[in-house]
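What follows is each chain in one-letter form.
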Amino acid sequence: MFRIKMLAKLLVTMVLAGFAMAALAEGREFPASAKRAELSITKLGDLLIDGKLRETSPATRVFNEEGLIVTTSNLDSVKAPILYTETEIGEIQRIWLLTKLEAIQYKPKKR
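What comes next is a walk through the structure. Along each chain, numbering runs from 1 in the same order as the chain's sequence is written. Residue-level local features of this predicted model are given only where pLDDT is at least 70; pairs of side-chain atoms are given and counted only at 80 or more, and the full residue set underlies all totals for whole chains, interfaces and linings. Hydrogens and water molecules were not included; the side-chain quantities draw on all heavy atoms of the structure.

### Here's the deal with the overall build of the protein chain
Condition: Helix numbers and strand numbers start at the N terminus; a helix is a DSSP run of H or I with at least 4 residues, a strand a run of E with at least 2. What sets the accessible areas is the Shrake-Rupley method with a 1.4 Å probe; for residues, cover comes only from the shown protein chains.
Check the secondary structure of the protein chain and you find 2 helices and 7 strands. Start at the N end of the protein chain and walk to the C end: the helices and strands fall as α-β-β-β-β-β-β-β-α. Surface exposure of the protein chain reaches about 8600 Å², of which carbon and sulfur atoms provide 61%.

So this is what it looks like as structure tokens:
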């Protein structure tokens, strides 16, 4: 009986892991309003987007390449391609750090 329960748990875990891997393989979805830029973070934790100091709010969220929320202090001196959205008043609302494949897919628009 114990072995059957263990095998059942193992089977359920494997099925759930398969669903998780399939979801990761599909890629992330980004809002149509997201803009492509280059993110830099200063030693003081300020966000520079395409070289310009940008305002954030307490509601600003930064997602790493795996889709997990991270704090800017975890991104010490990072320089990375991103997609981002803004609020109506120009504050940064959401930032997604892009993987290498996403960075190729979402190339910056020429100005």
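### Focus: the sheet that holds strand E5 (residues 69-70)
Heads up, the condition is: Strand pairing requires that DSSP identify at least two bridges connecting the strands.
Pairing in this open sheet of 7 strands is mixed, and the strands run E3-E2-E1-E6-E7-E4-E5 from one edge to the other. Both edges of this open sheet fall to strand E3 (52-54) and E5, since each of them pairs with a single strand only. The pairing of strand E2 (residues 47-49) with E3 spans 3 bridges and is antiparallel. Across the sheet, Leu48 pairs through a bridge with Leu53, a residue of E3.

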